[in-house]
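# Residue-level structural notes
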Amino acid sequence: MDNRDQAVGIRRMIAARPIQVLAVSSGKGGVGKTNLSVNLGICLSQLGRKVALMDADMGLANVDVLLGIQPRFNLFHVLSGERSLEEIMIEGPGGLYVVPASSGIQRMSELNSGEQGALIRAFGEIDADLDVLIVDTAAGISSSVLNFVQACQHVIVVVCDEPTSLTDAYALIKLLSREHDVNRFQVVASMVTDDAQGRELFMKLCRVTEKYLDISPQFLGSVPFDPYVRKSVQRQMPVCLSYPGGKSATAFASIARKVDRLPVQGGASGRMEFFVERMLRASAGSSA
């Protein structure tokens, strides 16, 4: 086998690797969900993974704001047929690829099941050899959020030390487990004083889910309150790049290493087809 044949063989092996698809969600907004998505993606990229981050908040997208990028096209152009999903994907800081959503377009937050299905089918066009796809959902329990979440392999639920955050996170887990057969949940405690507080928050949620839902979430870790996070948001540069030695950047890197060890489940081809198929089933179910 010459070098050219060997290179082709390696590329085929890489393309056949299963892709890890993660949903990052929360019942309540304002808990640091998108900051986790962005920094987790960059930290995974630093581990040598090819990572794409999809902004799935269709009406109030802000991944591009946190990354300081100005995409020319977004998911609105995919839905209108002007661009393919791969055409709107752009490379952001830290080698993170971004699938940008639209912001301030009410129609994008009110997609019917057919439009959601069309958007889902667009994922079949992605030909990039991704290792990880992170889906940053909107807050709440809209049909769009539920469709995206139940199609992913793992659900990361972000909570903070507020009663509404815990109750809304429980409501999200309850709905997904009882009505959509989702039973794998990872929890990240955000904006805590230390890891002990983060673990206590996790245990509060875990005690309730185990008692009433027979669900045992896993603890991914804590992200401490860090003034560098606010500064990085103001600078529109992820904290793991702007302040890599800070407390939160260290926490994001630790969570990324744990995420990198989560089991990967792919479809027959090991690429995006399983995600598309599961999304289509979810969309069809929500319209029934």
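Read on for an overview of the structure. (Residues numbered from 1 in each chain as written. Predicted model: local features only at pLDDT ≥ 70, side-chain atom pairs only at ≥ 80, totals over all residues. Heavy atoms only, no water.)

## Re the overall build of the protein
Keep this limit in mind: Numbering of helices and strands runs from the N terminus, with a helix taken as a DSSP run of H or I at least four residues long and a strand as a DSSP run of E at least two residues long. Under the scheme applied here, a residue whose accessible area is under 20% of the maximum for its type counts as buried, over 50% as exposed, and between as partly exposed, the area being computed with a 1.4 Å probe on protein chains only. Residue contacts are counted whenever heavy atoms from the two residues lie within 4.5 Å of one another. Exposure was quantified through the Shrake-Rupley algorithm and a 1.4 Å probe, taking into account, for residues, occlusion by the shown protein chains and nothing else.
Of the regular secondary structure elements, the protein holds 13 helices and eight strands. A total of 288 residues make up the protein; the buried ones form 53% of that total. Considering only residue pairs separated by 6 or more positions, the protein has 80% of its internal contacts joining residues 24 or more positions apart. When the accessible surface of the protein is split by element, carbon and sulfur atoms take 49% of a total near 13200 Å².

## Quick word on the nonpolar core
Across soluble globular proteins, you tend to see nonpolar side chains buried next to one another. Operational definition: What we call a nonpolar core is a set of buried Ala, Val, Leu, Ile, Met, Phe, Trp, Tyr and Cys residues that are connected through their side-chain atoms within 4.5 Å.
Grouped together as the largest cluster of nonpolar side chains are 46 residues, with contacts concentrated most on Met54, Leu75, Phe185 and Leu205. Among the elements that make up this core, the one with the highest residue count is helix α8 (residues 163-180) (seven residues). Setting aside chain neighbours within four positions, we find Leu205 in contact with Val159, Leu166, Ala169, Tyr170, Ile173 and Val187. Core analysis: the second largest hydrophobic core is formed by 35 residues, Leu53, Val98, Ala249 and Phe252 among them.

## Some remarks on the side chain of Asp64
Applied cut-off: Neither His nor the chain ends contribute to the count of charged residues, in which Lys and Arg are positive and Asp and Glu negative. The term salt bridge refers to a pairing of a side-chain nitrogen on Lys or Arg with a carboxyl oxygen on Asp or Glu at a separation within 4 Å.
The topology assignment puts Asp64 in helix α3 (residues 63-67). As a buried residue without a salt bridge, Asp64 has its nearest oppositely charged side chain in Lys33, at a separation of 12 Å. Ignoring anything within four residues of it in the chain, the contact list for Asp64 reads Ile69 and Pro71.

## Thoughts on the packing of aromatic side chains
Counted only if it meets this: Pairing of aromatic side chains here covers Phe, Tyr and the six-membered ring of Trp, requires ring centres within 6.5 Å, and sorts the geometry by plane angle: under 30 degrees stacked, over 60 edge-to-face, intermediate tilted. Think of it as a cone above the ring: NZ of Lys or CZ of Arg counts as a charge over the ring if it is within 6 Å of the ring centre and within 35 degrees of the ring normal.
In this structure the tally under the stated criterion is two aromatic pairs. With 4.2 Å between their ring centres and 10° between their planes, Tyr228 and Tyr243 make a pair best called stacked. With Tyr228 in helix α10 (residues 227-235) and Tyr243 in the loop between α11 (239-242) and α12 (247-260), the pair connects residues that are 15 residues apart, well separated along the chain. For Tyr228, a relative accessible area of 34% translates into the label partly exposed. One cation-aromatic arrangement involves Lys50 over Tyr97; the distance from NZ or CZ to the ring centre is 5.1 Å. Geometry around Phe73 places Arg83 over its ring, the cationic atom sitting 4.1 Å from the centre.

## Some remarks on the sheet that holds strand β7 (residues 185-192)
Cut-off, in case you're wondering: One requirement defines pairing of two strands: DSSP has to find at least two bridges between them. Note on definitions: angles span 0 to 180 degrees between N-to-C directions of axes, and those axes are lines fitted to C-alpha atoms, for helices only across the stretch in contact.
Spatial strand order, β3-β4-β2-β5-β1-β6-β7-β8: eight strands in an open sheet with mixed pairing. The strands lining the two open edges of the sheet, one partner per strand, are β3 (90-91) and β8 (218-224). Two elements, β3 and strand β4 (residues 97-99), share two bridges in a ladder whose sense is antiparallel. Bridging across to β4, Ile90 finds its partner in Val98. Against the sheet, helix α7 (residues 143-151) touches β1 (20-25), β2 (51-56), β5 (132-137) and β6 (154-159), its axis set at about 155° to β5.

## What about helix α9 (residues 195-212)?
Selection rule: How far a helix is expected to stretch is found by multiplying one less than its residue total by 1.5 Å. Identification of polar contacts relies on pairs of N or O atoms within 3.5 Å, with a donor-acceptor requirement for protein atoms, meaning one able to donate a hydrogen and the other able to accept it, and with residues adjacent in sequence counted only if both atoms are side-chain atoms.
Over its 18 residues, α9 runs 26 Å from end to end, which matches the ideal 26 Å to within 8%, given 1.5 Å per residue. Put simply, Asp194 is the residue that caps the front of α9, since its side-chain oxygen is 3.2 Å from the backbone nitrogen of Ala196. Asp214 sits one or two residues past α9 and shows a positive phi near 55°.

## What to know about the packing of α7 against α8
Using the following cut-off: Comment on the angle field: the value is read as roughly parallel under 35 degrees, roughly antiparallel over 145, roughly perpendicular from 65 to 115, and oblique elsewhere. Crossings are sorted by hand: turned counterclockwise from the far helix by less than a right angle, the near helix makes the crossing left-handed, and turned clockwise it makes it right-handed. In this count, Pro and Cys sit with the nonpolar residues alongside Ala, Val, Leu, Ile, Met, Phe, Trp and Tyr, while Asp, Glu, Lys and Arg are called charged and the others, Gly among them, polar.
For the pair α7 and α8, the least separation of the axes is 11 Å and the interaxial angle reads 70°. Taken together, α7 and α8 sit at an angle that is classed as roughly perpendicular. The chirality of how α7 crosses α8 is right-handed. Here α7 contributes Leu146, Val149 and Gln150 to the contact with α8, which in turn contributes Leu172, Leu175, Leu176 and His180. Considering only residue class, the contact of α7 with α8 consists of five nonpolar, two polar and no charged.

## Quick look at helix α2 (residues 33-46)
Counted at 1.5 Å a residue, the expected span for α2 with its 14 residues is 20 Å, and the 20 Å between its end C-alpha atoms agrees. Across the 14 residues that make up α2, a large majority, 13, are buried. Directly beyond the C-terminal end of α2, a positive phi value near 95° is found at Gly48.

## Observations regarding the pattern of salt bridges
Two side chains carrying opposite charge are able to pair once their charged atoms lie near each other. Per the stated rule, a full pass over the model turns up five salt bridges. A salt bridge links Glu162 to Lys28; the nearest nitrogen and oxygen atoms lie 3.2 Å apart. On the criterion of sequence distance, the pair formed by Glu162 in the loop between β6 and α8 and Lys28 in the loop between β1 and α2 is long-range, its members being 134 residues apart. Salt-bridge contacts for Arg199 lead to Asp195; the nearest nitrogen and oxygen are separated by 3.0 Å. Residue Arg199 and its partner Asp195 are located together in helix α9, separated by four residues, close to a single helical turn. In this structure Asp195 comes out as partly exposed when scored by relative accessible area, which is 37%.

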